[in-house]
Amino acid sequence: MIQKEMVVNLNKQLNLELFSSNLYLQMSAWCNDNKLSEGCKFFKQQSNEEINHMHRLFDYLNDSGNLPRIGAIDKPPKHFPSFKDIIQFSYEHEKMISEKINKLSHYAIEIKDYLTFHFLEWYVSEQYEEEKIFKSILDRIDLMRTETNGLYFIDQSLKNIRKI
Ligand SMILES: [Fe+2]
């Protein structure tokens, strides 16, 4: 049995995952509009992953006899100054989500809801991956901005000359 306050918090997280999905879908559209075809695919995939995050919460609430509540989802921003801004925005967004998950996990321990704590562990690892992905893209962008000849591409080319 999940306590009422925890159900409310899990529902909030569910709706936040929906917002994340919409945010990345909007970013996918921005990429397409700016002729970034791989970025368009990448963010569409991110958007689908967020739907999966939402569905996990939806199923957990359903399966534990609680009613998932879909609320009004805020409109995501649609204007971004640059691709780097999109990645930076995504990175900050994921850090905020990680904080929410950590708070939920902490709360689960506090109220001795070990089942929900166990359920949330998957999200803790997933957030580590999400943050890592966006940070790695930011690092690549920074490398390209600091080396006129594109240090990133030089670094990538090393894999072709590595001895097997
Ligand atoms: Fe998520």
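Residues numbered from 1 in each chain as written. Predicted model: local features only at pLDDT ≥ 70, side-chain atom pairs only at ≥ 80, totals over all residues. Heavy atoms only, no water.

J.: So what exactly am I meant to see when it comes to the coordination of the iron ion here?
T.: In a perfect tetrahedron of four donors around a metal, the angles come out at 109.5 degrees. In a perfect octahedron of six, they are 90 or 180 degrees. Bound to the iron ion are the protein donor atoms Glu 17 (OE), Glu 50 (OE) and His 53 (ND1), situated 2.1 to 2.2 Å from the metal. All donors to the iron ion come from one chain, and their sequence spacing reads E-x32-E-x2-H. One end of the pair is Glu 50 and the other is His 53, both in helix H2 (residues 37-63) and three residues apart, which spans about a single turn. For the pair Glu 50 and His 53, a shared accessibility class is recorded, and that class is buried. (Donors = N, O, S within 2.8 Å, 3.2 Å for Na, K, Ca; no water. Helix = DSSP H or I, 4+ residues; strand = E, 2+ residues; numbered from the N terminus. Buried < 20%, exposed > 50% of the residue type's maximum accessible area, 1.4 Å probe, protein only.)

J.: Sorry if this is basic, but what is going on with the nonpolar core here?
T.: When a protein is soluble and globular, its nonpolar side chains tend to lie buried together. Grouped together as the largest cluster of nonpolar side chains are 19 residues, with contacts concentrated most on Met 6, Leu 10, Leu 57, Phe 119, Leu 120 and Tyr 123. Listed by contribution, the elements that provide at least two residues to this core are helix H1 (4-33), H2, helix H3 (83-110) and helix H4 (114-146). It is H1 that contributes the most residues to this core, six residues altogether. In this structure Phe 119 touches Arg 56, Leu 57 and Tyr 60, once residues within four positions along its chain are discounted. Phe 19, Leu 23, Phe 134 and Leu 138 belong to the second-largest nonpolar core, a separate cluster that totals 16 residues. (Core = buried A, V, L, I, M, F, W, Y, C linked by side-chain atoms within 4.5 Å. Contact = heavy atoms within 4.5 Å.)

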